[in-house]
Amino acid sequence: MNQSALRTLGITSVNYGDGKTTVALNLAISIALDLKQTVLLVDLDLRKPNVTEYLGVQPLFGITDYFLDDIPIAKCLLRPSFDRMTILPAGQPIEHSSEVLGSPKIAALAHELKARYPDRLIIYDMPPALAQDDPIAFLPHVDAVLLVTNDNATKVNELKHALHVLSGANVIGTVLNSATR
């Protein structure tokens, strides 16, 4: 990604349970361990946020608070125990998340996050491609997409459909979880 000047990565999956949040967290942590790189992990799964739950932290605010209540984004950011890593939690779950993610306010936020620290990698933990249209609403704001799939659960036709849904995106790879062979 550095060689291609790609600074924002959306991580999605075919379905819930494929391991996208685990992949996003593990990738963010491993990048934060690099002394020359900083990372921002943004939980964009506004209907079913999990990032802070996986880390065992309880945020006061998140993206939904920023969007609905005009809470400053600086109050939403979390600093976990990893140096060079920041988390922007989703906040309280909401039902109409695609309208939020497709809004001009979130577009401006995505632009600000990318422009503020030009050397920081931003990882977006997005909802599954087949669960709702949230990833499509936010795809214009990511440079690249990583698709997570589960060998024991994802059917071939679902994977093909997810790739079709993401056809307008720069899908740079896939992660196959739970591979048995």
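Refer to the structure printed above.
Keep in mind it's a predicted model, so treat the numbers as computed, not measured.

How each quantity is defined
- Residues numbered from 1 in each chain as written.
- Predicted model: local features only at pLDDT ≥ 70, side-chain atom pairs only at ≥ 80, totals over all residues.
- Heavy atoms only, no water.
- Phe/Tyr/Trp six-rings, centres within 6.5 Å; stacked < 30°, edge-to-face > 60°.
- Helix = DSSP H or I, 4+ residues; strand = E, 2+ residues; numbered from the N terminus.
- Buried < 20%, exposed > 50% of the residue type's maximum accessible area, 1.4 Å probe, protein only.
- Lys NZ or Arg CZ within 6 Å of the ring centre and 35° of its normal.
- Core = buried A, V, L, I, M, F, W, Y, C linked by side-chain atoms within 4.5 Å.
- Contact = heavy atoms within 4.5 Å.

Novice: I'm lost on the packing of aromatic side chains in this one. Help?
Specialist: Both the distance between ring centres and the angle between the ring planes are used here to describe each pair of aromatic rings. Within the structure shown, the criterion is met by one aromatic pair. Measuring from centroid to centroid gives 4.7 Å for Y124 and F138, while their planes differ by 65 degrees, and the two rings are edge-to-face. Placement of the pair is Y124 in strand β4 (residues 120–125) and F138 in helix α7 (residues 134–138), with a sequence separation of 14 residues. Here Y124 and F138 have matching classes, each one buried. The ring of Y16 has K48 lying over it, and the distance from NZ or CZ to the ring centre is 4.4 Å. Directly above the ring of Y66 sits K105, whose terminal nitrogen or CZ lies 4.8 Å from the centroid.

Novice: What exactly am I supposed to notice about the nonpolar core here?
Specialist: Note on soluble globular proteins: their nonpolar side chains tend to be buried together. Residues V42, L44, L88, I106, L113, Y124 and F138 are the most contacted members of the largest nonpolar core, which totals 30 residues. Residues contacting L44, with those up to four places away along its chain left out, are I63, L101, Y124, D125, M126, P127 and F138. Counting 20 residues, the second largest nonpolar core, distinct from the first, contains L6, L9, L25 and V51.

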